[in-house]
2 protein chains.
Amino acid sequence: MYSIEKKGNLTISEFLYRSLKDDILSGKISPFEKLPSKRAMASSCGVSLTSVQNAYDMLLSEGYIRAEYRRGYFAEDLSENIVSPTKKPLVKTESPRPQISTEDEKKSLFPFSVWSRLMRNVISEYQDRILDRMPIEGVVELRREISRYLYRSIGISVDPDRIIIAAGTEYLSTLILTLLGRTKIYAVEDPGYKKIPTLYSLGGAPVRYLPTDLEGVIPESLFSSGASVLHISPQNHFPTGYVMTISRRQKLLSWLSASEERYIIEDDFDSELRLSGRRIDPLMTIDPTGRVIYMNTFTSTVAPSFRVGYLVLPEKLSSILHTKLGSLSCTVTAFEQYTLAKFIGGGYFERYLSRLKAAYKKKKTQIVEILSDGNTAKHIEILPSVTGTNMLVRLKDPDDCPKVIGTLVEMGFAIPLLNFCKNPSEEYLNTFVINYSVIDENDIKALKGDF
Amino acid sequence: MYSIEKKGNLTISEFLYRSLKDDILSGKISPFEKLPSKRAMASSCGVSLTSVQNAYDMLLSEGYIRAEYRRGYFAEDLSENIVSPTKKPLVKTESPRPQISTEDEKKSLFPFSVWSRLMRNVISEYQDRILDRMPIEGVVELRREISRYLYRSIGISVDPDRIIIAAGTEYLSTLILTLLGRTKIYAVEDPGYKKIPTLYSLGGAPVRYLPTDLEGVIPESLFSSGASVLHISPQNHFPTGYVMTISRRQKLLSWLSASEERYIIEDDFDSELRLSGRRIDPLMTIDPTGRVIYMNTFTSTVAPSFRVGYLVLPEKLSSILHTKLGSLSCTVTAFEQYTLAKFIGGGYFERYLSRLKAAYKKKKTQIVEILSDGNTAKHIEILPSVTGTNMLVRLKDPDDCPKVIGTLVEMGFAIPLLNFCKNPSEEYLNTFVINYSVIDENDIKALKGDF
């Protein structure tokens, strides 16, 4: 069906995934059309069944196709979405923002000796130039490294001039409010990361909480909210860890394109910690309006005391920033910026992320093993998950909670999902967030001994 | 008249100054009462004429007494001011915020080798503890050093718990707006430091510009402004460098005490660079209402890229901060905070300030010498000045501008005071701000050669 010789540098799975996706998006494969069975596809293309399996899984998880029991795979209907994505997808999967602290783990894996060597290098190399005044957007050395990193990790190319460095989410939100205004209504995800609505509220803007289901923000709630700014984490919703489906993402983009006044803040917090599969493309790259602001921070991925975050601004906002805020200073010292630039540029950042991910993966496997014990497994459903530091577990019968879940709750490692909701939804009843990344070897032994 | 044996550790001048001031404030010396002549005072106390002269000069400059030509010294009438200051004074003098950059000078005097040694020490000593999460108020090591420094330099004792560290004026203003609210009207000084109203405006609060004369903000304009928050720099007004008179300060405090809704932000920016005499006591120490917030920054005194400022909050606001913002993080990295703590604690900060002041004093002397040239001197008035980095010069006849002033304007060292005004006032016509601190040796030679 597809000529594998055209795959170039791609893996076979990746090539199949892209080819199928392009055909679904272009309409070559019609909505609801049945796809060849995996076996048929494998034999027609002359590839292994595993490669096809991987490609179909990616399409499934990103919402391009649907599996029907005993019937096979069908293309989803994406036609109602106005916005034609020049790039890509969206998904059901997960990863979280640490509510319970994951600091100890991170700290023990963080290459502090490298970091301190880089700090010393910055002192020797830059000397008293680290004292010089900086423009509001931060030093170019760091913005350039972030730009390259974004290209390497999620394939977007951003002019370093559109990157603005600031002191953590605290000041990023101040910049956003200053750029977009405080009279607009800011909509956030419910459940979600509480700090975001707190910062917008403290910043003087009205905030609305939008209910989300397992595909992402419910579009109807957005349309009726009166909001002009939507703050979402399509790649890595907190704390469910779901990735927003492509159809949801497209609906949000069509909301965005309906008015010049609207903006989306794409918060990519902790998406680096996705444990398997590719990271999806940022909304920013499939947005035709130029009104998506990308936001991320190194506070979580480097160190909690390390107050460095950044925005990638669309062209227009970038020039507004310079006009309106040009007289202000960057809130992060030059010294930290040069050090971080060396840390990313030297490849240490990505190596550290790999180490972190390997550690989290190992823990997850151990926890899944404990939860897969016969007695436990029949009472719970482990929701699918690819990213980060936690996972969701749902009780099949609310009156029948396995002992291990009770113990995890007692130990502070399992938290009812409802606790993360402003307006508790039925959908989230009987579901627990298990923050496995903070469970240490001793805890695991204790959990194993118990059951 | 006063028993000098009671002076304790004070100098004779300081002892006389304090004794006289206390008697004026307590009413022991009545308003308008004539003081003993300097000679009479010296002989009655058995001290030198110079000591008395110094004490009288301080009282004069701080507005406690008035000199009448050929008649002598008289106590001022401070009775109309409701607020009884448990501590002190206020003045006419000056110092400025660098508009033109003073960076080069500062950089060459900054002990970078010490600074980099301290950075290295922090790395070795704290190791990966510099990565730990910090509370919103910053690390206790730095807050403790700031508290001690405030005690040493301006004699106030502040519990380190009431000090909040933040990333420069940018984030200090965000904290203030969050604590006090954005619906209040914020009043600022006109002329003044432009960044302040800019930050309040960008932060979403309405701003009013209050006219100031050489004593400080004109109280009537404050009362009629509808403002609830007043941002002033009583110690060191920018760019005139005037110190607010005690009578003005008391009027502002009585405005403050008239409503629980009112707050004063006391911005002590650059007051460390006062070139002679003591720094006056902060408004915070004579405020009976507990609604004065003290604010200062190390960005100007340490280095422009060094984004560290702080607030000293009154008790009540300090607890509001912890309740309302307790979930946020400090915007300055722990590493910078530890380094600065060592810099202050080791005495390096104050030594650096002394070096800076000595350099500025020398430059000022050179510029005053140039301006005192017969031809120039008869056309201008050099306004009195004790602090910082610039001085004011007024033309006696606007149509007769000495050549040297023209040259200073051309070189960018003299700027019309009107340029710093939102609403130009007649009082400030024909007056130039001379930013002498950035004039280097070559410029001085050029200026000298010219005239």
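All of these numbers come straight from a predicted model, not from anything done at the bench. Within any chain, residue numbers begin from 1 and follow the written order of that chain's sequence. The order in which chains are written sets their letters, starting at A; the order in which ligands are written sets their numbers, starting at 1. In view of the model being predicted, local features appear only for residues whose pLDDT reaches at least 70, and side-chain atom pairs are presented and counted only at 80 or more, with totals across whole chains, interfaces and linings using the full set of residues. Excluded from the side-chain calculation are hydrogens and water; included are all heavy atoms of the structure.

### Describing the overall build of chain A
In step 1: Counting from the N terminus, the helices are DSSP H or I runs at least four residues long and the strands are E runs at least two residues long. Secondary structure assignment for chain A yields 17 helices and 14 strands.
In step 2: We compute the radius of gyration over the C-alpha atoms and compare it with the globule rule, which gives 2.2 Å times the number of residues raised to the power 0.38. What you see for chain A is a C-alpha radius of gyration of 23 Å, in line with the 22 Å of a compact globule of 451 residues.
In step 3: Summarising its shape, the C-alpha atoms of chain A cover approximately 65 × 55 × 45 Å along the three principal directions.
In step 4: Only protein chains enter the area calculation, which uses a 1.4 Å probe; residues under 20% of their type maximum are buried, those over 50% are exposed, and those in between are partly exposed. The buried share among the 451 residues of chain A stands at 61%.
In step 5: Long-range contacts, defined here as pairs at least 24 residues apart, represent 73% of the contacts in chain A between residues at least 6 apart.
In step 6: Surface accessibility follows the Shrake-Rupley procedure with a 1.4 Å probe radius. Residue values consider only the protein chains on display as shielding. Accessible surface, chain A as shown: approximately 17100 Å² in total, 50% of it carbon and sulfur.
In step 7: Positive charges come from Lys and Arg alone, negative charges from Asp and Glu alone, with His and the N- and C-terminal ends not counted. Lys charges are placed at NZ, Arg charges at CZ, Asp charges at CG and Glu charges at CD. For chain A, the centre of its 57 positive side-chain charges and the centre of its 54 negative side-chain charges are spaced 3 Å apart. Only heavy atoms enter the contact rule, under which two residues are in contact if any of them lie within 4.5 Å.

### Digging into the confidence of the model for chain A
Residues and elements named next belong to chain A.
In step 1: Per-residue confidence for chain A gives a mean pLDDT of 86; residues scoring 70 or more make up 91%.
In step 2: Ranking the elements of chain A by mean pLDDT puts helix α4 (residues 103–109) last with 71 and strand β7 (residues 229–232) first with 98.
In step 3: Predicted confidence is poor over residues 80–101, with pLDDT under 50, and the contacts of this stretch with residues over four places away or in other chains come to 117 contacts.
In step 4: This complex was scored by the predictor with a pTM of 0.76 and an ipTM of 0.70. Scored from 0 to 100, pLDDT records how confident the predictor is in each individual residue.

### Observations regarding the sheet that holds strand β11 (residues 380–382) of chain B
Residues and elements named next belong to chain B.
In step 1: The 4 strands lie next to each other as β11-β12-β14-β13, forming an open sheet whose pairing is antiparallel. Edge strands, defined here as strands with exactly one partner in the open sheet, are β11 and β13 (414–416). Averaged over all neighbouring strand pairs, the angle between strand axes comes to 30°, with direction disregarded.
In step 2: Pairing between strands requires that DSSP locate at least two bridges from one strand to the other. Pairing geometry for β11 and strand β12 (residues 391–395), over 3 bridges, is antiparallel. Following the sheet pairing, I382 is matched in β12 by V393.
In step 3: Together, β11, β12 and β14 (431–434) form the strand contacts of helix α14 (residues 348–371), whose direction differs from that of β12 by roughly 10°. Between N-to-C directions, angles span 0 to 180 degrees; the directions come from axes that are lines fitted to C-alpha atoms, helices contributing only their stretch in contact.

### What to know about the interface of chain A and chain B
In step 1: In this complex, chain A contributes 45 residues to the contact, which on the side of chain B involves 45 residues.
In step 2: A combined buried area of about 4100 Å² lies between chain A and chain B, and 63% of that area is made up of carbon and sulfur atoms.
In step 3: Every case where a carboxyl oxygen of Asp or Glu lies within 4 Å of a side-chain nitrogen of Lys or Arg is listed as a salt bridge. The interface formed by chain A and chain B includes 0 salt bridges.
In step 4: Pairs of N or O atoms are called polar contacts if they sit within 3.5 Å, as long as, within protein, a hydrogen donor faces a hydrogen acceptor (for residues adjacent in sequence, only side-chain-to-side-chain pairs). Linking chain A with chain B are 16 residue pairs in polar contact (both at pLDDT 80 or more).
In step 5: Looking at the side of chain A that touches chain B, the elements that each hand over two or more residues are α4, α5 (112–126), α7 (168–180), α8 (195–202), α12 (315–325) and α13 (334–345) of chain A.
In step 6: Per-element accounting of the side of chain A that touches chain B gives the leading share, 6 residues, to α5(A).
In step 7: Residues are sorted three ways: Asp, Glu, Lys and Arg are charged, Ala, Val, Leu, Ile, Met, Phe, Trp, Tyr, Cys and Pro are nonpolar, and all the rest, Gly among them, are polar. For the side of chain A that touches chain B, the class distribution of residues is 20 nonpolar, 12 polar and 13 charged. Throughout, buried area stands for the accessible area (probe radius 1.4 Å) lost by two parts on being put together, summed over both.

### Structural notes on the relation of the copies chain A and chain B
In step 1: The copies were overlaid by least squares, fitting only the C-alpha atoms of residues that reach a pLDDT of 70 or more in each copy. Aligned on chain B, chain A shows an RMSD of 0.3 Å; the corresponding rotation is 179° and the shift along the axis is 0.0 Å. The transformation relating the two chain copies, once decomposed into turn and shift, fits a two-fold axis.
In step 2: A shared binding surface is used by both copies, with 100% of the interface residues of chain A retained as interface residues in chain B.

### Some words on the environment of V368(B)
All names here are of chain B.
In step 1: Note on placement: V368 falls in helix α14.
In step 2: Judged by relative accessible area, V368 falls into the partly exposed class, the value being 26%.
In step 3: In sequence terms V368 and D132 are 236 residues apart; their C-alpha atoms lie 51 Å from each other.
In step 4: Discounting chain neighbours no more than four positions away, the residues touching V368 are I382 and M391.

### Some points on the packing of α13(A) against helix α14 (residues 348–371) of chain A
All names here are of chain A.
In step 1: Two numbers describe how α13 lies on α14: the axes approach to 5 Å, and their chain directions differ by 65°. One finds that α13 runs roughly perpendicular with respect to α14. Packed against α13, whose contacting residues are K342, F343 and I344, the element α14 presents Y348, F349, E350 and Y352 at the interface. Roughly parallel here means an angle under 35 degrees, roughly antiparallel means over 145, roughly perpendicular means 65 to 115, and every remaining angle is called oblique.

### Some words on the packing of aromatic side chains
In this description, a pair of aromatic rings is defined by centroid distance and the angle of the planes.
In step 1: Stacked, edge-to-face and tilted labels apply to pairs of Phe, Tyr and Trp rings (six-membered ring for Trp) whose centres lie within 6.5 Å, assigned for plane angles under 30 degrees, over 60, and everything in between, in that order. The full count for this structure, using the stated rule, is 36 aromatic pairs over all chains.
In step 2: Summarising the aromatic geometry, the rings of F335(A) and F335(B) are spaced 5.1 Å apart at their centres and angled 25° between planes, so their arrangement reads as stacked. Taken together, the residues F335(A) in helix α13 and F335(B) in helix α13 (residues 334–345) connect one chain to another. The burial state of F335(A) is the same as that of F335(B); both residues are buried.
In step 3: Ring centres of F298(B) and F349(B) lie 5.3 Å apart, and the angle between their planes is 70°; this geometry places the pair in the edge-to-face category. With F298(B) in the loop between β9 (292–297) and β10 (309–312) and F349(B) in helix α14, this residue pair connects regions lying 51 residues apart in the sequence.
In step 4: Among the residues examined, F349(B) registers a relative accessible area of 0% and is labelled buried.

### Re the state of the cysteines
In step 1: Note on disulfides: each one is a pair of cysteine sulfur atoms within 2.5 Å. Taken as a whole, this structure holds 0 disulfides over all chains when the rule is applied.
In step 2: Looking at C330(A), it has no disulfide partner, and the nearest cysteine sulfur is the one in C330(B), 15 Å off.

### Points about the environment of P424(B)
In step 1: Residue position: P424(B) is located in the loop between β13 and β14.
In step 2: On a C-alpha basis, the gap between P424(B) and N296(B) in space is 27 Å, while along the polypeptide they are 128 residues apart.

### Things to note about the pattern of salt bridges
Two side chains of opposite charge can pair, provided their charged atoms sit close to one another.
In step 1: Counted according to the given criterion, the structure contains 22 salt bridges over all chains.
In step 2: Across the pair R143(A) and D161(A) runs a salt bridge whose closest N-O atoms are separated by 3.7 Å. A residue pair is termed long-range when its members are at least 10 positions apart, and R143(A) in helix α6 (residues 140–154) and D161(A) in the loop between α6 and β3 (163–166) qualify at 18 residues.
In step 3: By relative accessible area, R143(A) is classed as buried at 5%.
In step 4: E170(B) is the partner of R307(B) in a salt bridge, and the nearest nitrogen-oxygen pair spans 2.6 Å. Of this pair, R307(B) sits in the loop between β9 and β10 while E170(B) is found in helix α7 (residues 168–180), placing the two residues 137 residues apart along the sequence. Of the two residues examined, R307(B) and E170(B), each falls in the buried class.

### What to know about the pairing of strand β14 (residues 431–434) of chain A
Residues and elements named next belong to chain A.
In step 1: Because side chains alternate across β14, one face comprises the buried residues T431 and V433, and the other comprises F432 and I434, equally buried.
In step 2: Here 4 bridges tie strand β12 (residues 391–395) to β14, and the two strands are oriented antiparallel to one another. Pairing of V393 across the sheet is with F432, part of β14.
In step 3: The pairing of strand β13 (residues 414–416) with β14 spans 3 bridges and is antiparallel. Directly across from I415, in β14, lies its bridge partner V433.

### Some words on helix α10 (residues 246–257) of chain B
Residues and elements named next belong to chain B.
In step 1: Under the convention used throughout, the expected extent of a helix is 1.5 Å for every residue step, that is, one less than its residue count. Compared with an ideal rise of 1.5 Å per residue, which puts 12 residues at 16 Å, α10 spans 16 Å between its outermost C-alpha atoms and is within 8% of the ideal.
In step 2: Among the 12 residues in α10, 10 count as buried, and that is most of the element.
In step 3: Along α10, the residues classified as buried are I246, S247, R248, R249, Q250, L252, L253, S254, W255 and L256.

### Brief notes about the environment of H379(B)
Residue and element names in this part refer to chain B.
In step 1: Structurally, H379 is set in the loop between α15 (374–377) and β11.
In step 2: Note: C-alpha distance between H379 and S147 (232 residues apart in sequence) is 46 Å.
In step 3: Aside from chain neighbours lying at most four places away, what touches H379 is R394, L395, K396, D397, D400 and P402.
In step 4: Side-chain polar atoms of H379 contact the side chain of D400, separated by 3.4 Å.

### What to know about helix α6 (residues 140–154) of chain B
All names here are of chain B.
In step 1: Taking 1.5 Å of rise per residue, 15 residues should cover 21 Å, and α6 covers 21 Å from first to last C-alpha, within 8% of that figure.
In step 2: All buried positions along α6 are accounted for by L142, R143, E145, I146, S147, Y149, L150 and I154.
In step 3: Looking at the packing, one finds that the buried side of α6 touches β3 (163–166), β9, β10, α13 and α14.
In step 4: The first or second residue beyond α6 is G155, which carries a positive phi of 65°.

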